[in-house]
Amino acid sequence: MPQQKHIQQKLANLRQHLVLLLQQTNALNSRGSTTLQSVIKRLSTPGDVKLQDYQANPLADLLPQIKKANATLPLMCQNMVNKVIDLADDLPWYQRPVVNNQSFMASHVNAQIIGPEGLEVRQDLIVGVTLMRPNIDYPDHHHEPEELYLVLSDGRWRQGNGDWHTPGLGSLVYNSSDLMHGMKSVNTPLFAIWCLPLNKPFTPFSTPISGPIGPSPTA
């Protein structure tokens, strides 16, 4: 029970800080702004804290590099990174099962902080984190829920058939429903938070898929 209360407080602090950080962002189109406000509203109420089965982070060796790079971020973003890292030992880490892409499999890891498979369990919102080793592509994929990425490291992003671009540290990337999108790390590890408001049950991202994440299958 003391451990659960301790994690509950960490999650409350993370949620409050994420709301403050998201409220500072206004460089989105009208649809993205609507999604942003939905995420902020849902973050204002807590879910139930449930300690998940511990899953070790296979990319834990990246955390010192991320902490070092964190000094280049705006202060609010630095605090956000620190709050996630403070929970790292308790998060249910997983690697997305994808066949025929071993370099990606070995070089990325995700965790739900909030959501159906998160430490804070709820069905109306997912807040997750992704880590990737340098110079790795996260393959193009799509999913029905809209999504906001909070960019907390250098990296490049793409939507549909558009060009790769660099959003900038502390920026938000909005992906509309079923929009094909991808990202890739550069010469440093990638660290990003993703938020998806859910309006109906959603197939977990940790569910194995039978082929590469690409233009055909749904992520």
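Rules and cut-offs
Residues numbered from 1 in each chain as written. Predicted model: local features only at pLDDT ≥ 70, side-chain atom pairs only at ≥ 80, totals over all residues. Heavy atoms only, no water. Helix = DSSP H or I, 4+ residues; strand = E, 2+ residues; numbered from the N terminus. Expected span 1.5 Å × (residues − 1). Buried < 20%, exposed > 50% of the residue type's maximum accessible area, 1.4 Å probe, protein only. Arc of directions from axis to C-beta. Contact = heavy atoms within 4.5 Å. Phe/Tyr/Trp six-rings, centres within 6.5 Å; stacked < 30°, edge-to-face > 60°. Lys NZ or Arg CZ within 6 Å of the ring centre and 35° of its normal. Core = buried A, V, L, I, M, F, W, Y, C linked by side-chain atoms within 4.5 Å.

Caption draft 1: View of helix α4 (residues 75–86). A rise of 1.5 Å per residue sets the reference length of α4, with its twelve residues, at 16 Å; its end C-alpha atoms lie 16 Å apart and thus fit the reference within 8%. By the burial criterion, the buried members of α4 are Cys77, Met80, Val81, Val84 and Ile85. Considered in projection along α4, the buried side chains sweep an arc of 135° and stay on one side of the axis.

Caption draft 2: Molecular detail of the environment of His17. Its location among the elements puts His17 in helix α1 (residues 2–23). Separated by 59 residues in the primary sequence, His17 and Met76 place their C-alpha atoms 8.1 Å from one another. Residues contacting His17, with those up to four places away along its chain left out, are Met76, Asn79, Met80 and Lys83.

Caption draft 3: Region of the structure containing the packing of aromatic side chains. Per the counting criterion, the structure on display carries two aromatic pairs. Cation over ring: Lys184 sits above Trp164, and NZ or CZ is 4.4 Å from the ring centre.

Caption draft 4: Main features of the nonpolar core. Ranked by size, the top nonpolar core spans 44 residues in total, and within it Leu43, Met80, Ile113, Val129 and Leu131 carry the most contacts. Top contributing element to this core by residue count: α1, with seven residues. If we ignore the near neighbours within four places in the chain, the residues touching Leu43 are Arg15, Leu18, Val19, Leu22, Ile114, Leu125 and Val127. Within the second largest apolar cluster, 17 residues are counted, among which are Tyr94, Tyr149, Val173 and Met183.

Honestly, it's all geometry; don't read function into it.
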